[in-house]
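Read off the chains here:
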Amino acid sequence: MPIFATRDWHTENHCSFQEYGGEWPRHCIASTSGAAFPVSLTLPVYTKIISKATTQARKAYSAFSETQLHELLQSLKVKRLFVGGLATEYCVLNTVKDAIGLQYVIFLLEDAVCAMNQKHDDGFRALMEMKRLGAMPINYEELVL
Ligand SMILES: [Zn+2]
């Protein structure tokens, strides 16, 4: 089964950073340790890495935003996506919204997402929204057993 791992890959002066008018502290600057996947995340060697939010002046929460992800999935005839990651209410939510709009069937790995919860229920509300849009909740732990 193909695996895609997405990451923010920001310029040093990305517009999403607070010092440039955005809402986030500096994070995931391209080619730095801050943009690296955690060592504890074991990815197969055939994992395709998708870097997003690479343009200084544009925010991109969705993995489909200005990336080749859709074209790659289409070339592999992928119809179903199992989605996990963080943050639930930002990148996961926007990726799932775009994926549903592109007619993918979404299985949302509820035990493999994590919210920032700047408001205590942000993650919960995002999960409800994704389910309302048609994402089917599933547990990663159940998949791998
Ligand atoms: Zn970012």
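Small disclaimer: the values here were computed from a predicted structure and weren't measured.

(A) A look at the overall build of the chain. Secondary structure assignment for the chain yields four helices and five strands. Secondary structure of the chain in N-to-C order comes out as β-β-α-β-α-β-α-β-α. The C-alpha radius of gyration computed for the chain amounts to 15 Å, which stays within 12% of the reference 15 Å derived for 145 residues, consistent with globular compactness. Taken over the C-alpha atoms alone, the chain extends approximately 40 × 35 × 30 Å along its principal axes. Here the chain, with 145 residues, has 32% of them falling under the buried criterion. Within the chain, counting contacts between residues at least 6 apart in sequence, those at least 24 apart form 66% of the total. A total accessible area of about 8800 Å² is found for the chain, and carbon and sulfur atoms account for 55% of it.

(B) Expanded view of the coordination of the zinc ion. The protein atoms that coordinate the zinc ion are Asp8 (OD), His10 (NE2) and His27 (NE2), at distances spanning 1.8 to 2.0 Å. The sequence motif formed by the donor residues of the zinc ion is D-x1-H-x16-H. In this pair, histidine 10 sits in the loop between strand E1 (4-8) and strand E2 (48-52) while histidine 27 sits in the loop between E1 and E2, placing the two residues 17 residues apart along the sequence.

Reading the values: rules and limits
All chains use their own residue numbering, which begins from 1 and follows the written sequence. For a predicted model such as this one, the threshold for reporting local features is a pLDDT of at least 70, and the threshold for listing and counting side-chain atom pairs is 80 or more; totals across whole chains, interfaces and linings nevertheless cover every residue. Based on all heavy atoms of the structure, the side-chain values leave hydrogens and waters out of the count. Each helix is a run of DSSP H or I of at least 4 residues and each strand a run of E of at least 2, with the numbering of both proceeding from the N terminus. What the globule rule says is 2.2 Å times the number of residues to the power 0.38, and the radius of gyration is computed from C-alpha atoms. Burial status follows relative accessibility: with a 1.4 Å probe on protein chains alone, a residue under 20% of its type maximum counts as buried, one over 50% as exposed, and anything between as partly exposed. Residue contacts are defined here by distance: any two heavy atoms, one from each residue, within 4.5 Å place the two residues in contact. Each accessible area is a Shrake-Rupley result for a 1.4 Å probe, and residues are judged covered by the shown protein chains and nothing else. Listed donors are limited to N, O and S atoms within 2.8 Å of the metal, widened to 3.2 Å for Na, K and Ca; water is not among them, so incomplete-looking sites are possible.

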